[in-house]
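The chain contents come next:
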Number of protein chains: 2
Amino acid sequence: MNVGLIGVGTVGGGTYKVLTENFQEIFHKTGIEIKVTLVADKNVALAKQLVGTSIPVVSDALELIDSKEVDIVVELIGGTGIAKDLVKQALLNGKHVVTANKALIALHGKELFAAAENNNVQLAYEAAVAGGIPIIKALREGLAANKIEWVAGIINGTTNYILTEMKENNLSFDVALKQAQELGFAEADPTFDIEGVDAAHKITIMASIAFGIPINFDGVFVEGISNLNQKDITYAEELGYRIKLLAIAKSEQDSVEIRVHPTLIPEKRLVANVSGPMNAVLVKGNMVGPTLYYGAGAGAEPTASAVVADIIDIARQSKISTKSLIPSLGFMPNQIKNKKLLAIEEVWSEFYLRLTMENKSGLLAKITNIFANHKISIDALVHKEVQEDNQDPDIFLVSSKVQEHQINKVIKEIEALPENKDKIIKLRIEELK
Amino acid sequence: MNVGLIGVGTVGGGTYKVLTENFQEIFHKTGIEIKVTLVADKNVALAKQLVGTSIPVVSDALELIDSKEVDIVVELIGGTGIAKDLVKQALLNGKHVVTANKALIALHGKELFAAAENNNVQLAYEAAVAGGIPIIKALREGLAANKIEWVAGIINGTTNYILTEMKENNLSFDVALKQAQELGFAEADPTFDIEGVDAAHKITIMASIAFGIPINFDGVFVEGISNLNQKDITYAEELGYRIKLLAIAKSEQDSVEIRVHPTLIPEKRLVANVSGPMNAVLVKGNMVGPTLYYGAGAGAEPTASAVVADIIDIARQSKISTKSLIPSLGFMPNQIKNKKLLAIEEVWSEFYLRLTMENKSGLLAKITNIFANHKISIDALVHKEVQEDNQDPDIFLVSSKVQEHQINKVIKEIEALPENKDKIIKLRIEELK
C-alpha cells in the first residue's frame, strides 16, 4: 500500500515518522507493507532533508495525485483553498484520501464525501477532530448501537492551555495567551483558536455523525474566550465549577443545538479536570450512558497517530474492497436528514451572572424581585464584601434552567437599574449528567 | 441479519432492549435490518415474558446454534463450561459469535479464534472488557499506528465502588462490600471481583492485543483488595495518592509484565478520579502518548451497547465478506509471539510501606540505615504522632523505584527488628506518566 504525502510540516513530518519508525509494528498488525512512496511539498529542499534520498519529492501536488505510485493521498497542507481542489481531484482519480483538515470537512464535507462515494474510494478524517483520540471511530462504530443524546468536548488545546494557566497561575487572558505563544501552544495569529472557530469546525463534524444530520457549519453558535475575565474563573471555582471552552451538540426530539462557548462545568466531572493542551470528548449514548475519550488533541505524532490509523483501516479493508464499509458520517447517506437547529436564544441552560452594582440598601431585593417576576429561581448567590471604600461589590449568581431569551430579559432589567455600573457578565453552565 | 440470543439475564435482556428500541437508529446507520429471531434460555417462561410471543424461545441452546434462522450467535450465559462448547460449535456451524464472556476469551481465546479463522467467521468480544467502553476497538484499530508501551485500567466496577466508598465515607472494606452487595454492585459471592480475577481476565486480553503476545492468563500476578486497610487509603491521600485496583500491562524490549493489585496513583491523574462503579483504561502509545477511555464497565444496557456494536461491525462487513478484516487479537495470527513474562519479584516499582513499630529512640535511624544499606532512597516518610499512650506510632513511607525482590529484603530486615510489632504493609505505586 503506497502512501503519497502532501505537505511535510508538523503533522506531515509526524506521519512520515510514524510510518517509518513503526513500519514493522504496522506490518505485524496488517500483513501489509505500508510505505511513503512520494512526497509533495512547496519546499522541496526542506522535504528532502526530512525524507532523505530514497523517496522522491515533487513540488507540484498535482503530480502526486496523478501518480500511479500512490494508492492513498494524505493531505496535510490545511485550509480550504488548494487543499480542497487537490482532495477532490485525488478522489476523482480513484485514490483514497486521508486528511487532518477539519475546516475542509466542516465546510466541504458533503461534496467531498459524495465524490468519494461515487468513485468507490474512501475519504478518512479521524485526525480532523481531537488529534490522536480515536473519537470518530468511537462515534461511528464503537457507539453505533446508541442513539447519541449529546456530545460535549474540550477540543481545542490552545484555549484549554490558556484557561488552565489563567486558573492555576492566576494569569490574565493576555498574559496566558502570550505564554502559550512562546511555548508553541498558540499560533502567531491565534484568532481561529481563541474565538472558538477551530472547535466549531470539529463539533460540526461530530454533530453530523452523532445525530445523522448534514454537516452545517453556519448553524453553529460560537463565542470565544478572549473576553473572559480571570475574576469569573475564580468565582466559578467558589461555586464548585471550572470554566472550559466547551463544544456542545445536543439532540432533542425534533431539534438540535450546536454551540461553542466558555462554560461552567461542575468540578467533580472528569472532563472538568482535563488540563493544559489536552483534549477530551464526552459522549452520552441512550444505552451506554456517558463515555469519555481523552488524549493529545494536537502535535505532530499524536495527530499522525490518527492519520496512520485511517491509513491502516483503508489498507485492511482493501484486502476485500476499496469502498468503505462504514458510511463517511456514520449514517447511510440516504438517512442523513435535516433537523431544526435551535438559535442560541431558544437553548435551555442554567446561567452564571456577574453584576457590578453600587452598594445601596435594598439592592438585593430589587435584583431578586426581577428574577421572581420572570419566575426564574436563583440557585446560588454570592455578595462579596467590599474590601476598599471606593470599590463596588461583586455579586455573582447561578440561575435555574431557562431559555436564554428569558435570562436576557432579566439582564436587561437589572442593567436598567440606577445602581448598575457595568455590563452584566453572562456565562452558560452545563451539568453534563 | 438474524441474531440468536443465548441467555436473557442482565446483559441478554439489555441486548434485546438495544436491538429492539434502537432498531431504526441501527438501520439508519447500517442499511441492514438486525433482528432477534431466536432466543435460548433455560427458563423459557421468564424469557417469553421478556421477548413476548413474536420471537420463539427454546430451552436448548444447541437448537439455536443449529438454526438456519440465526446468522449471529450472541453468547451471554458466561463461564467456561457449556459456554465454551456452544461458542465452539456455533463457529464450526459457520455462525458468527458475539460474546461478553471475559473468562472464556482469557482462558480459551486461542482455540476459539482459530476455530473462527478456520470457518471464515468472526468471534467478537468488545463487551468482554470494560463493558460499554469501546476499548478493544481503540486498541485494535484506533491506536493501531502505535507500538503500545503500557495499558493501565480500572476495569472492575465492584472493587472501584468499594474503594470509592472506603475513601469518601471512611468505611471499612467489610462494610463497603456489604453496601455494594445491597446496591447490586457486588455479587453474593464477590470473590472473582474482589480478589482481582475478573480484572486479570480483562488485562490478559488487553495485553495480548497491545503487545502481540499469546493470551496467557496463568502468567498474570493477581492481588485483590480484601486485605486493604482503610488506614492506608487515608495515608495514601496524605501523600497525594489514591488507591485503585489497577490492572497493568507493560512491554519492555524483550519482556512483558501483567499484574493486578491495589495501586497508589497520583491524585492529579485523571484516572485517579474515576469513582464509583465506573471503569477507565489508560493506554500509552509510542506516538500518541497517553489516551484514556472512560465509561460504564458493567450493567445491562452499557454492556449491551458493546455487544450490539460488535453485531453492527459484523453486519457492516457482511456486505462484502464474512471474514473479519481485523485480526481477532489485533496482530496477524502468524505475528503473535511469546515474550518473556516477568515474575512480580523482577518488576520495577516505587513502593508504599506502612510500619507498626514500638516507639524507641533511634528507631528511624535503624529503619533509614536499612534502606541506605540496600541503596534504596526514601522519597517521602511520615512518622505519625502517637495520640494515646498505649498506641504505637504509624510510620509510612515511599521508596524510590526498585525491583520488588529488593524491597522484600528491606521489609524482611525491618520486620526482624525488636521494635517491629506487626507485618509491614506493602503497596505498589504507579506514576502513569
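Basis of the calculations
- Residues numbered from 1 in each chain as written.
- Chains lettered and ligands numbered in written order.
- Predicted model: local features only at pLDDT ≥ 70, side-chain atom pairs only at ≥ 80, totals over all residues.
- Heavy atoms only, no water.
- Pairing = 2+ DSSP bridges.
- Helix = DSSP H or I, 4+ residues; strand = E, 2+ residues; numbered from the N terminus.
- Buried < 20%, exposed > 50% of the residue type's maximum accessible area, 1.4 Å probe, protein only.
- Right-handed = clockwise from strand over helix to strand, strands pointing away.
- UniProt positions renumbered as here; feature names shortened; annotations may be inferred.
- Contact = heavy atoms within 4.5 Å.
- Phe/Tyr/Trp six-rings, centres within 6.5 Å; stacked < 30°, edge-to-face > 60°.

### What about the sheet that holds strand S3 (residues 57-58) of chain A?
All names here are of chain A.
And then number 1: Read from one edge of the open sheet, 6 strands run S3-S2-S1-S4-S5-S6, paired in parallel fashion. Lying at the two open borders of the sheet, with one neighbouring strand each, are S3 and strand S6 (123-124).
And then number 2: Relative to strand S2 (residues 35-40), strand S1 (residues 2-6) runs parallel, the two being bridged by 5 bridges. Counterpart to Ile-6 in the pairing with S2 is Ala-40.

### Quick notes on the pairing of strand S5 (residues 96-99) of chain B
The side chains of a regular strand alternate, residue by residue, between the two faces of the sheet.
Residues and elements named next belong to chain B.
And then number 1: Because side chains alternate across S5, one face comprises the buried residues His-96 and Val-98, and the other comprises Val-97 and Thr-99, equally buried.
And then number 2: Two strands pair when backbone bridges link them, and strand S4 (residues 72-75) and S5 are joined in this way by 4 bridges, in the parallel orientation. Of the residues in S5, the one forming a bridge with Ile-72 is His-96.
And then number 3: Traced from S4 through helix H5 (residues 82-92) to S5, the parallel crossover comes out right-handed.
And then number 4: Bridge count for S5 against strand S6 (residues 123-124) is 2 bridges, and the pairing is parallel. Across the sheet, residue Val-98 finds its bridge partner in S6, namely Ala-124.
And then number 5: Running through helix H6 (residues 102-118), the crossover from S5 to the neighbouring parallel element S6 is right-handed.

### Focus on the UniProt feature "binding site: NADP(+)" (unreviewed entry) in chain A
Residue and element names in this part refer to chain A.
And then number 1: Per the UniProt annotation, the sites labelled "binding site: NADP(+)" (unreviewed entry) are Ile-6, Gly-7, Val-8, Gly-9, Thr-10, Val-11, Gly-12 and Gly-13.
And then number 2: Position of Val-8 among the secondary structure elements: in the loop between S1 and helix H1 (10-21).
And then number 3: Aside from chain neighbours lying at most four places away, what touches Val-8 is Gly-13, Val-39, Asp-41, Ala-47 and Leu-50.
And then number 4: By secondary structure assignment, the location of Gly-13 is in helix H1.
And then number 5: In this structure Gly-13 touches Val-8 and Leu-50, once residues within four positions along its chain are discounted.

### Examining the packing of aromatic side chains
The way to describe two aromatic rings as a pair is by their centre distance and the angle between their planes.
And then number 1: Under the criterion given, the structure shown has 9 aromatic pairs over all chains.
And then number 2: Between Tyr161(A) and Phe185(A), the aromatic rings sit 4.6 Å apart at their centres with planes inclined by 35 degrees, giving tilted as the arrangement. Remark: Phe185(A) occurs in the loop between helix H9 (173-182) and helix H10 (191-194) and Tyr161(A) occurs in helix H8 (residues 157-168); sequence separation between them is 24 residues.
And then number 3: When the ring of Phe113(B) is compared with that of Tyr125(B), the centres are 5.4 Å apart and the planes differ by 55 degrees; the resulting orientation is tilted. Of the two residues, Phe113(B) sits in helix H6 while Tyr125(B) sits in the loop between S6 and helix H7 (135-142), which places them 12 residues apart along the sequence. As far as burial versus exposure is concerned, Phe113(B) and Tyr125(B) are alike and both buried.
And then number 4: Aromatic ring contacts, followed pair by pair, group Tyr235(A), Tyr352(A) and Phe396(A) into a single cluster.

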